[in-house]
Amino acid sequence: MAKSVTSIAPDPMVERLRAALGPRQVTEQKMFGGTCFMLNGNMLIGTSKRGLLVRVGKEGHAAAAARPHARPMEMGRRSMEGYVHVAPEGTATEADLRGWLDLALAFVETLPPKIKSAKIATKRA
């Protein structure tokens, strides 16, 4: 019997973000049902089927949420201050996407790098 192989189409936004980020040293991590880009261990920007998740910081939150096609990010019923959700219409052009990425970079580049703590193995008797 032949096995059915399903493939998930790649998210075109991931490719757009990779191109826009250029040579920056970022890592990608699966989070929030999509792909998030991390800069120095800090979440920068992420994508999912519902749009873009942009980290803007608490001070920039109100101004970013007031921009066209943006709203405060919510997880469950809890608002995530410092993050905004941008509908796909808000990233239609490369200039639109670049504007959101620049906003995220302006905030995240001010954060100290996150250093992964080494897991200490404990011996059980």
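First, a word on scope: everything that follows refers to the structure included in this document. Computed from a predicted model, the values in this text were never measured in an experiment.

The next thing to look at is the overall build of the protein. Assigned secondary structure in the protein consists of three helices and six strands. When the helices and strands of the protein are placed in sequence order, the string is α-β-β-β-β-α-β-β-α. Looking at the protein as a whole, 36% of its 125 residues qualify as buried. Taking the intrachain contacts of the protein between residues at least 6 apart in sequence as the baseline, contacts between residues at least 24 apart amount to 49%. With the model as given, the accessible surface of the protein reaches about 8,800 Å², and the carbon-plus-sulfur share is 57%.

Another point: the pairing of strand β4 (residues 51-55). Where burial is concerned, most of β4 is hidden: five out of the five residues are buried. Pairing of strand β3 (residues 42-48) with β4, which is carried by four bridges, proceeds in the antiparallel orientation. The residue bridging Thr-47 from the neighbouring strand is Leu-52, located in β4. Linking β3 to β4, which pair antiparallel, is a turn of two residues. In this structure, β4 lies alongside strand β6 (residues 78-86), joined through four bridges in antiparallel fashion. Bridging from a neighbouring strand, Arg-55 pairs with Tyr-83 of β6.

On to the side chain of Thr-47, then. Turning to its location among the elements, Thr-47 is positioned in strand β3. Ignoring any residue separated from it by four or fewer positions in sequence, one finds Thr-47 in contact with Asp-11, Met-13, Val-14, Leu-17, Gly-34, Thr-35 and Leu-52.

Here we come to helix α3 (residues 94-108). With 15 residues, α3 extends 21 Å between its outermost C-alpha atoms, agreeing within 8% with the 21 Å of an ideal straight helix rising 1.5 Å per residue. All buried positions along α3 are accounted for by Leu-97, Trp-100, Leu-101, Ala-104, Leu-105 and Val-108. Down the axis of α3, the buried set is contained in an arc of 140°. They therefore lie on one face. When the buried face of α3 is taken as reference, the exposed residues oriented beyond 90 degrees from it are Ala-95 and Ala-106.

What follows is about the side chain of His-61. Within the secondary structure, His-61 is located in helix α2 (residues 61-65). The contacts of His-61, once residues within four sequence positions are left out, are Val-56, Pro-72, Met-80, Glu-81, Gly-82, Tyr-83 and Val-84.

Below, the discussion takes up empty space enclosed by the protein. Inspection of the entire model under this criterion finds one cavity of 30 Å³ or more. The computed volume of the largest cavity comes to approximately 90 Å³. Along the walls of the largest cavity sit 14 residues, with Phe-32, Thr-47, Ser-48, Leu-53 and Met-73 positioned nearest its centre. Within the residue set of the lining of the largest cavity, elements represented by two or more residues are β2 (34-39), β3 and β4.

Rules used throughout
Residue indices follow the written sequence of each chain, beginning from 1 at its first position. Local features in this predicted model are restricted to residues whose pLDDT is 70 or higher, and side-chain atom pairs enter the listing and the counts only when it is 80 or higher, whereas totals over whole chains, interfaces and linings include all residues. Only hydrogens and water are set aside when side-chain values are computed; all heavy atoms of the structure are taken into account. Strands are runs of DSSP state E lasting at least 2 residues, helices are runs of H or I lasting at least 4, and numbering of each runs from the N terminus. Buried residues are those whose accessible area, probed at 1.4 Å on protein chains only, stays under 20% of the maximum for their type, while exposed residues exceed 50% and partly exposed ones sit between those limits. Contacts between residues were defined by any pair of non-hydrogen atoms, one from each residue, lying within 4.5 Å. Surface accessibility in these figures is a Shrake-Rupley result with a 1.4 Å probe; residues are shielded only by whichever protein chains are displayed. Pairing between strands is defined by DSSP: at least two bridges between the two strands are required. Given a helix with a known number of residues, its expected span is that number minus one, times 1.5 Å. For this quantity, the arc is that covered by the directions from the helix axis to the C-beta atoms. Using only the protein atoms, space was sampled on a 1 Å grid; points where a 1.4 Å probe fits but cannot get out form cavities, open sets with protein on both sides within 12 Å along at least five of seven lines form pockets, and lining residues are those with an atom within 4 Å of a point. Grid points are joined across faces, edges and corners, and a volume is the space filled by probe spheres set on the points.

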